[in-house]
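Listed below are the residues making up each chain.
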Amino acid sequence: DARVTQTPRHKVTEMGQEVTMRCQPILGHNTVFWYRQTMMQGLELLAYFRNRAPLDDSGMPKDRFSAEMPDATLATLKIQPSEPRDSAVYFCASGLKRPRTSGGARPYNEQFFGPGTRLTVL
Amino acid sequence: AQRVTQPEKLLSVFKGAPVELKCNYSYSGSPELFWYVQYSRQRLQLLLRHISRESIKGFTADLNKGETSFHLKKPFAQEEDSAMYYCALSPYTDKLIFGTGTRLQVFP
């Protein structure tokens, strides 16, 4: 049963420290998403990649957040320096983009979510 | 602006009662809408999507373009339905815009 994995599952750190979260997408999936979940905002898309190239990172604070895909089996989300307001659950999701059908119907590419990393910045 | 609104943070019902989780969206084009569910200690997963017109675990959702709504309904709630429910909009093939979620509590 293929699943998205994320490490660490929990992280407690002090303000100013660097935090790196890792995600292993489902093998064969070509799209990776990073979301942040908070009580107030719900699930927010931070960034996503297709074939390891960033397609949209408009939801990510650029000054302290960075996301990369060093290879097809690893996606990373880094916060440097971390702040208390970054405390949240960070989810990674992966999916397989499929082409449109001959009739032009837009396919939906289901996103499969990881278990999340619960980050607490003190 | 593309937006999904779930007005209720918490919805509590008794087992056997009907359930309706509200979702309204704002999008100028032809949306694709979904409901995702997160059970306790489990990961977020797709429940249903409007284009499939399917019923999953007794839940249905109808897209009402006139009211820009995609409410999730179930005629008789079960305790195992207790979970966090997210409505989501896909303006493109890839991105999902989520609402803030509604926690459903079903009491015995």
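Relevant structure appears above.
Per chain, residue numbering runs from 1 following the sequence as it is written. Starting at A for chains and at 1 for ligands, labels are handed out in the order in which the entities are written. Two thresholds apply to this predicted model, a pLDDT of at least 70 for residue-level local features and 80 or more for giving and counting side-chain atom pairs, whereas whole-chain, interface and lining totals are computed over all residues. Each side-chain value is derived from all of the structure's non-hydrogen atoms; neither hydrogens nor water enter the calculation.

Colleague: Could you give an account of the interface of chain B and chain A, naming the residues involved and the relevant values?
Modeller: Note on contacts: a residue pair is in contact if any heavy atoms of the two residues lie within 4.5 Å. In this assembly, 22 residues from chain B lie in contact with 25 residues from chain A. Buried area between chain B and chain A, summed over both chains or domains, comes out near 2100 Å², and the portion from carbon and sulfur atoms is 47%. Definition used for salt bridges: Asp or Glu carboxyl oxygen within 4 Å of a side-chain nitrogen of Lys or Arg. Counting across the interface, chain B meets chain A through 1 salt bridge. The salt bridge involving Asp56 of chain A is made with Lys95 of chain B; its shortest N-O contact spans 2.9 Å. Polar contact is defined as a pair of N or O atoms within 3.5 Å, subject to the rule that within protein one atom must be able to donate a hydrogen and the other to accept it, and that residues adjacent in sequence are counted only when both atoms are side-chain atoms. Where chain B packs against chain A, one counts 5 residue pairs in polar contact (both at pLDDT 80 or more). A run of H or I in DSSP counts as a helix once it spans at least four residues, and a run of E counts as a strand once it spans at least two, with each numbered from the N terminus. Of all elements in the fold, only strand E5 (32-38), strand E6 (45-49) and strand E9 (83-90) of chain B reach the threshold of two or more residues within the side of chain B that touches chain A. Summed over both partners, the accessible area lost on bringing two parts together, with a 1.4 Å probe, is the buried area.

Colleague: Explain the environment of Ser28 of chain B to me, and be specific about the residues and the numbers.
Modeller: Within the secondary structure, Ser28 of chain B sits in the loop between strand E4 (24-26) and E5. Partly exposed describes any residue whose relative accessible area lies between the buried limit of under 20% and the exposed limit of over 50%, with all areas from a 1.4 Å probe on protein chains only and scaled to the type maximum. Residue Ser28 of chain B is classed as exposed on the basis of its relative accessible area, which comes to 80%.

Colleague: How would you summarise the pairing of E6 of chain B if you had to cite specific residues and measurements?
Modeller: All names here are of chain B. The rule for pairing is simple: two strands pair if DSSP sees at least two bridges between them. Pairing of E5 with E6 involves 4 bridges; the strand directions are antiparallel. By the bridge assignment for E6, Tyr36 is matched with Leu46. Between E5 and the antiparallel strand that follows it, E6, lie 6 residues; Arg41 among them carries a positive phi value of about 65°.

Colleague: Requested: an account of the pattern of salt bridges, with residues and values cited.
Modeller: Residues and elements named next belong to chain A. For the coordinates displayed, the defined rule picks out 9 salt bridges over all chains. Between Glu83 and Arg85 there is a salt bridge, with its nearest N and O atoms 2.5 Å apart. The exposure class of Arg85 is exposed, given its relative accessible area of 60%. It is possible to trace a salt-bridge network through shared partners that takes in Arg64, Glu83, Arg85 and Asp86.

Colleague: Tell me about the side chain of Asp81 of chain B, and name the residues and values.
Modeller: When you line up the elements, Asp81 of chain B lands in the loop between strand E8 (72-74) and E9. Filtering out sequence-adjacent residues up to four positions away, Asp81 of chain B remains in contact with Phe59, Lys74, Phe76, Leu104 and Val106 of chain B.

Colleague: Provide a residue-level description of the sheet that holds strand E3 (residues 19-21) of chain B, including the pertinent values.
Modeller: Residues and elements named next belong to chain B. Strand order in the open sheet formed by 3 strands is E3-E8-E7, and the pairing between neighbours is antiparallel. In this open sheet, the two edge strands, each paired with only one partner strand, are E3 and strand E7 (60-61). Here E7 runs beside E8; their pairing, made up of 2 bridges, is antiparallel. Counted as the bridge partner of Ala61 is Leu72 from E8.

Colleague: Quick one: what's the story with the sheet that holds strand E8 (residues 74-79) of chain A, residue by residue and with numbers?
Modeller: All names here are of chain A. Reading across from one edge, E1-E3-E8-E7 is the order of the 4 strands in this open sheet, with antiparallel pairing throughout. With one partner strand each, in any of the chains shown, strand E1 (5-7) and strand E7 (65-71) form the two edges of the open sheet. Averaged over all adjacent pairs, the angle separating strand axes in this sheet is 20°, with direction ignored. In the sheet, E7 pairs with E8 via 5 bridges, with the strands oriented antiparallel. Across the sheet, residue Phe65 finds its bridge partner in E8, namely Ile79. Fitting a line to C-alpha atoms yields each axis, with helices limited to the stretch in contact; the angle taken between N-to-C directions then spans 0 to 180 degrees.

Colleague: Describe in detail the packing of aromatic side chains, supporting the description with residues and values.
Modeller: Each Phe, Tyr or Trp ring (for Trp, its six-membered ring) is paired with any other whose centre lies within 6.5 Å, and the angle between the two planes then decides the class: stacked below 30 degrees, edge-to-face above 60, tilted in between. A full pass over the atoms with the stated rule returns 11 aromatic pairs over all chains. Taken together, the ring pairs in this structure connect Phe33, Tyr35, Tyr48, Phe91 and Phe113 of chain A together with Tyr36, Tyr86 and Phe98 of chain B into an aromatic cluster.

Colleague: How would you explain the state of the cysteines if you had to name every residue and give the values?
Modeller: Only a pair of cysteine sulfur atoms within 2.5 Å counts as a disulfide in this structure description. Following the criterion strictly, the structure yields 2 disulfides over all chains and no others. The disulfide partner of Cys23 of chain A is Cys92 of chain A, and the gap between their sulfur atoms is 1.9 Å. Sign of the S-S torsion, about -55° for the bond between Cys23 of chain A and Cys92 of chain A, identifies this disulfide as left-handed. In this pair, Cys23 of chain A sits in strand E3 (residues 19-24) while Cys92 of chain A sits in strand E9 (residues 88-95), placing the two residues 69 residues apart along the sequence. Of the two residues examined, Cys23 of chain A and Cys92 of chain A, each falls in the buried class. Between the sulfur of Cys23 of chain B and that of Cys87 of chain B lies a disulfide, 2.0 Å long from S to S. Every disulfide takes its handedness from the sign of the S-S torsion; for Cys23 of chain B and Cys87 of chain B that torsion is -65°, giving left-handed. Residue Cys23 of chain B is located in the loop between E3 and E4, and its partner Cys87 of chain B is located in strand E9; the two are separated by 64 residues in the primary sequence. On the accessibility criterion, Cys23 of chain B (0% relative accessible area) is buried.

By themselves, these observations are geometric and do not establish any function.
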